[in-house]
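# Notes for the structure review
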Amino acid sequence: MTNDQFRHYVRAHNAEHRADPSAVRRWLAPLIDRAHQAGTIPVAGSSAWQHLPGRDPRKLAAVAQAALAWLDDSTPAAIAARLAAECDRTDAAILTRQKATSADLSAAWTDQRRFSYGPSHLELELRRAQPGPGYGGQLAPHEQARINRLSRAVRLHRELLADPQLTVRDAQLRAIAPIDHADREDNAA
């Protein structure tokens, strides 16, 4: 079985076995209406639910509502929403760790400045990518794009090291902003 055949089989199986909460809701509507006429419907399993007589329509309606909630929670859209929220939390945690690491490195780098001098690796890469002062030709588009990417990366690096309170997104926005005259002088040095 090829990958495409397998994917087709899985999609067909999922489509055939996917529950439709709206169909269940329509089927349960009369039962829940009768239960509401008898009073408020307690949460299934609660002490109020346990004290209801076995034939009380609210007892069955509470279990039906719990089953419907589980069915709603099992839809692909609900699962995708939970996964997206989990990914967002993971991304936020990673960014927080990266910022903390960057701040720690900045503090360590400040202490190390008395022992090491010179440009960062990114700055060296940028210098290597730029043509020499006597170069009179025109750069190929991919070479110019690489220089632009390295310039933005150097500025992003400087922004993050200069201000530990700066968010990565704000530093990225600053790094892609047009280069002003002072930045050009810094890059030329």
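Residues numbered from 1 in each chain as written. Predicted model: local features only at pLDDT ≥ 70, side-chain atom pairs only at ≥ 80, totals over all residues. Heavy atoms only, no water.

Moving on to the overall build of the protein. Each helix and strand in the protein was counted, giving nine helices and zero strands. Here the protein, with 189 residues, has 19% of them falling under the buried criterion. Counting only contacts in the protein whose residues sit at least 6 apart along the sequence, the fraction spanning at least 24 positions is 42%. (Helix = DSSP H or I, 4+ residues; strand = E, 2+ residues; numbered from the N terminus. Buried < 20%, exposed > 50% of the residue type's maximum accessible area, 1.4 Å probe, protein only. Contact = heavy atoms within 4.5 Å.)

With 15 residues, helix α1 (residues 3–17) should reach 21 Å at 1.5 Å per residue; the first-to-last C-alpha distance of 21 Å fits that figure. A small share of α1 lies buried, amounting to zero of its 15 residues. (Expected span 1.5 Å × (residues − 1).)

This next bit is on the packing of aromatic side chains. Centre-to-centre distance and the angle between the planes together describe a pair of aromatic rings. For the structure on display, the rule yields zero aromatic pairs. One Lys or Arg, Lys-59, reaches over the ring of Trp-49 and ends 4.7 Å from the middle of that ring. (Phe/Tyr/Trp six-rings, centres within 6.5 Å; stacked < 30°, edge-to-face > 60°. Lys NZ or Arg CZ within 6 Å of the ring centre and 35° of its normal.)

Grouped together as the largest cluster of nonpolar side chains are nine residues: Leu-28, Leu-31, Ile-32, Ala-35, Ile-41, Trp-49, Ala-61, Ala-62 and Ala-64. Contributions of two or more residues to this core are made by α2 (21–38) and α4 (57–73). The greatest single-element share of this core, amounting to four residues, is contributed by α2. Excluding anything up to four places from it in sequence, Ala-64 contacts Leu-28 and Leu-31. Grouped together as the second largest cluster of nonpolar side chains are five residues, Leu-126, Ala-129, Ile-147 and Val-154 included. (Core = buried A, V, L, I, M, F, W, Y, C linked by side-chain atoms within 4.5 Å.)

So, on to the confidence of the model for the protein. Chain-level statistics for the protein give a pLDDT mean of 81 and a share of 86% at 70 or above. Taking the mean pLDDT of every element in the protein, the minimum, 48, falls on helix α9 (residues 181–188) and the maximum, 93, on helix α3 (residues 47–50). In the model, residues 181–185 has pLDDT below 50 throughout and makes two contacts with residues more than four positions away in sequence or in other chains. (pLDDT = per-residue confidence, 0-100.)

Okay, the pattern of salt bridges next. Oppositely charged side chains can pair when the atoms bearing their charge come close. Per the stated rule, a full pass over the model turns up six salt bridges. Close ionic contact of Asp-72 with Arg-25 constitutes a salt bridge, the shortest N to O distance being 2.6 Å. Here Asp-72 is found in helix α4, whereas its partner Arg-25 is found in helix α2, with 47 residues between them in sequence. The exposure class of Asp-72 is partly exposed, given its relative accessible area of 29%. Look at Arg-25 and you get partly exposed, because its relative accessible area is 39%. With its nearest N and O atoms 2.8 Å apart, the salt bridge here joins Arg-82 to Asp-73. (Salt bridge = Lys/Arg side-chain N within 4 Å of Asp/Glu carboxyl O.)

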